[in-house]
Amino acid sequence: MKGEGKRNSKCLAYVAVFIVFQTIIILVFALTVMKIKSPKVRFGTVAVENFTPSTTNSSSFDMRLVAQVAIKNTNFGHFKYDSSNITILYGGIPVGEAVIAEGRTKARKTQKFDVTVDITSDKLSGNTNLTNDIGSGYLMLSSQAKLSGKVQLMKVIKKKKSGEMSCTMTVNLAQRAIQDLKCN
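Residues numbered from 1 in each chain as written. Predicted model: local features only at pLDDT ≥ 70, side-chain atom pairs only at ≥ 80, totals over all residues. Heavy atoms only, no water.

Let's talk about the overall build of the chain
To be explicit about the condition: A helix here means a DSSP run of H or I that spans at least four residues, while a strand means a run of E at least two residues long, and both kinds are numbered starting from the N terminus. As defined in this context, the radius of gyration uses C-alpha atoms, and a globule is described by 2.2 Å times the residue total to the power 0.38. Contact definition: two residues touch when any of their heavy atoms are within 4.5 Å.
Along its length, the chain carries two helices and 10 strands. Secondary structure elements of the chain, listed N to C terminal, follow the sequence α-β-β-β-β-β-β-β-α-β-β-β. Taking 16 Å as the expected radius of gyration for a compact globule of 184 residues, we find that the chain reaches 27 Å, considerably beyond that expectation. Principal-axis analysis of the C-alpha atoms gives the chain an extent of 105 × 25 × 25 Å. When contacts within the chain are restricted to residue pairs at least 6 apart in sequence, those whose partners lie at least 24 apart make up 65%.

Comments concerning the UniProt feature "transmembrane region" (unreviewed entry) in the chain
Heads up, the rule is: UniProt positions are given in the numbering used here, feature names are shortened, and annotations may be inferred rather than shown by experiment.
As annotated in UniProt, the feature "transmembrane region" (unreviewed entry) corresponds to residues 12-33 in the numbering used here. As a span, residues 12-33 carries 95% helix and 0% strand, and end to end its C-alpha atoms are 31 Å apart.

Here we look at the nonpolar core
The condition that has to hold: Buried Ala, Val, Leu, Ile, Met, Phe, Trp, Tyr and Cys residues that are joined via side-chain atoms within 4.5 Å together make up what is termed a nonpolar core. For each residue, the accessible area found with a 1.4 Å probe, counting protein chains only, is set against the maximum for its type, and the residue is called buried under 20%, exposed over 50%, and partly exposed in between.
Within the largest apolar cluster, 38 residues are counted, with the highest numbers of intra-cluster contacts made by Phe-43 and Leu-141. Among residues more than four places away in sequence, those in contact with Phe-43 are Ala-67, Gln-68, Val-69, Ile-86, Ile-88, Ser-143, Met-165, Cys-167, Met-169, Leu-181 and Cys-183.

Quick notes on unusual backbone geometry
We note that Lys-155 has phi near 55°; this positive angle belongs to a residue other than glycine. Here Lys-155 shows up in the loop between strand 8 (138-153) and strand 9 (157-172). You can call Lys-155 exposed: its relative accessible area is 75%. The backbone of Arg-176 sits at a positive phi, close to 50°, despite the residue not being glycine. For Arg-176, the position within the fold is in the loop between strand 9 and strand 10 (177-183). Since its relative accessible area comes to 38%, Arg-176 is described here as partly exposed.

Re the packing of aromatic side chains
We count it as follows: Aromatic pairs are defined between Phe, Tyr and Trp rings, using the six-membered ring for Trp, whenever the two ring centres lie within 6.5 Å; interplanar angles under 30 degrees are classed as stacked, those over 60 as edge-to-face, and all others as tilted. We count a charge as sitting over a ring when the NZ of a lysine or the CZ of an arginine lies within 6 Å of the ring centre and within 35 degrees of the ring normal.
Using the criterion set out here, one finds two aromatic pairs in the structure. One residue, Arg-108, lies across the ring of Phe-76, its end atom 4.6 Å from the ring centre.

Some points on the state of the cysteines
Note the threshold: Disulfides are defined as cysteine sulfur pairs within 2.5 Å.
Evaluated as defined, the whole model comprises one disulfide. Through a disulfide, Cys-167 is tied to Cys-183; the S-S separation comes to 1.9 Å. Handedness here is read from the sign of the S-S torsion; for Cys-167 and Cys-183, about 105°, the answer is right-handed. Here Cys-167 is found in strand 9, whereas its partner Cys-183 is found in strand 10, with 16 residues between them in sequence.

Some words on the pattern of salt bridges
Opposite charge on two side chains allows them to pair when their charged atoms are near. To keep it simple, the criterion reads: Throughout this description, the term salt bridge denotes a Lys or Arg side-chain nitrogen within 4 Å of a carboxyl oxygen of Asp or Glu.
Using the criterion set out here, one finds three salt bridges in the structure. Between Arg-64 and Glu-49 there is a salt bridge, with its nearest N and O atoms 3.8 Å apart. With Arg-64 in strand 2 (residues 61-72) and Glu-49 in strand 1 (residues 40-53), this pair connects stretches of sequence that are 15 residues apart. For Arg-64, a relative accessible area of 29% gives the class partly exposed. The salt bridge involving Asp-118 is made with Arg-64; its shortest N-O contact spans 2.7 Å. With Asp-118 in strand 7 (residues 110-120) and Arg-64 in strand 2, the pair connects residues that are 54 residues apart, well separated along the chain. Each of Glu-49, Arg-64 and Asp-118 takes part in salt bridges that share partners, so that together they form one network.

Encoded structure:
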């Protein structure tokens with residue numbers, strides 16, 4: 001009879017340790033793998049492909065930017081996003097737009113692709129700041145994009161998430177290069 005009681009208490013202790021161990025594993029899993037974060041959308045590099053100042057008006061231009069867009073997915077499930085737009089702005093006024101086609105970024109990966117943006121100053125007629133900026137040789141531009149989609153974990157859990165990009169850049173018109181690219 002004495003041996004049976006000891007065995008029962010040992011069995012209960014093992015079951016209790018197993019339950020505590022399983023609870024810890026589930027808690028760690030829930031706090032790391034199941035925590036779904038928004039993806040990060042950024043410009044990698046931006047190159048000025050053409051810059052053509054207007055011959056008739058000193059305050060107008062046409063330019064083509066080739067930008068590398070990076071979508072960083074830190075989740076343990078893939079991020080499937082819808083088609084979206086990147087907008088380039090000068091002084092808060094849109095001067096160019098490019099389409100980001102719908103796609104998918106794998107789990108814990110960074111997807112990179114190039115986007116071409118044609119920029120024109122046609123919408124900025126009469127802007128005295130533009131004349132001054134072109135005269136100084138530096139043009140301040142900003143960009144905005146919002147990528148909306150779903151993160152899918154284990155083909156069961158789907159959570160809507162979106163990544164936003166807001167970058168500023170200075171275009172050196174003499175060198176036809178981007179300086180001071182900063183993304184938030």
